[in-house]
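One-letter residues, chain by chain:
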Amino acid sequence: MSGEAILIIEDNLLNLKMMDYLLTAKKYDVYRAMDAREALSLLETVKPALILVDIQLPGMDGLELTRKLKADPRYKHIPVIAITAYAMKTDKEKALAAGCNGYIAKPVDIKTLPDIIDKYIHS
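Residues numbered from 1 in each chain as written. Predicted model: local features only at pLDDT ≥ 70, side-chain atom pairs only at ≥ 80, totals over all residues. Heavy atoms only, no water.

So, on to unusual backbone geometry. In this chain, Lys106 is followed by Pro107 through a cis amide linkage whose omega measures 0°. The residue Pro107 is located in the loop between strand E5 (102-105) and helix H5 (113-121) in this model. Positioned with a positive phi, Lys27 is a non-glycine residue whose angle comes to about 75°. Topologically, Lys27 is positioned in the loop between helix H1 (13-25) and strand E2 (29-33). The exposure class assigned to Lys27 is exposed, which follows from its relative accessible area of 57%. (Helix = DSSP H or I, 4+ residues; strand = E, 2+ residues; numbered from the N terminus. Buried < 20%, exposed > 50% of the residue type's maximum accessible area, 1.4 Å probe, protein only.)

In this section: the pattern of salt bridges. On inspection of all chains with the given rule, the structure shows six salt bridges. A salt bridge links Arg37 to Asp35, with the shortest nitrogen-to-oxygen separation between them at 3.6 Å. The class of Arg37 is exposed, set by a relative accessible area of 64%. Classification of Asp35 as buried rests on a relative accessible area of 17%. Close ionic contact of Asp54 with Lys106 constitutes a salt bridge, the shortest N to O distance being 3.4 Å. (Salt bridge = Lys/Arg side-chain N within 4 Å of Asp/Glu carboxyl O.)

Spatially, E2-E1-E3-E4-E5 is the arrangement adopted by the five strands of the open sheet, whose pairing is parallel. The two strands at the open ends of the sheet, each matched to only one other strand, are E2 and E5. Within the sheet, the average angular offset between the axes of one strand and its neighbour, ignoring direction, is 20°. When strand E1 (residues 5-9) meets E2, the two strands line up parallel, connected through five bridges. In the sheet register, Ile8 faces E2, and the bridge partner there is Arg32. Here H1 sits on the sheet and contacts E1, E2, strand E3 (50-54) and strand E4 (80-84); the angle it forms with E2, its principal contact strand, is near 170°. (Pairing = 2+ DSSP bridges. Axes fitted to C-alpha atoms, helices over the stretch in contact; angles between N-to-C directions. Contact = heavy atoms within 4.5 Å.)

Interpretation in functional terms is not warranted from these geometric data alone.
Spelled out as structure tokens, the structure:
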């Protein structure tokens, strides 16, 4: 479970810090970005085992970013989990259609998040 790199793309600093703290405590190597541009720059040097992406990002949203990543041979194999405050069925369908491998509604359940991540990394 530990040692794998995870990229969190989240524009809400409180949510970003909470997920970073939780995953760092579980011994993941956590990288953080607050928008798609920053995430794409990080991906030039970091090869994460999993990406957590907020759907509502400033500029390029999380769905557009996911489509871009899944179209790129360098990143298409990386599991992407959408995280959003929108918990409507259609939002989940949109995330999966964009190429996300999973979907987590906010507020994120801190007890189950590490298990969800572990499932995607080791499946």
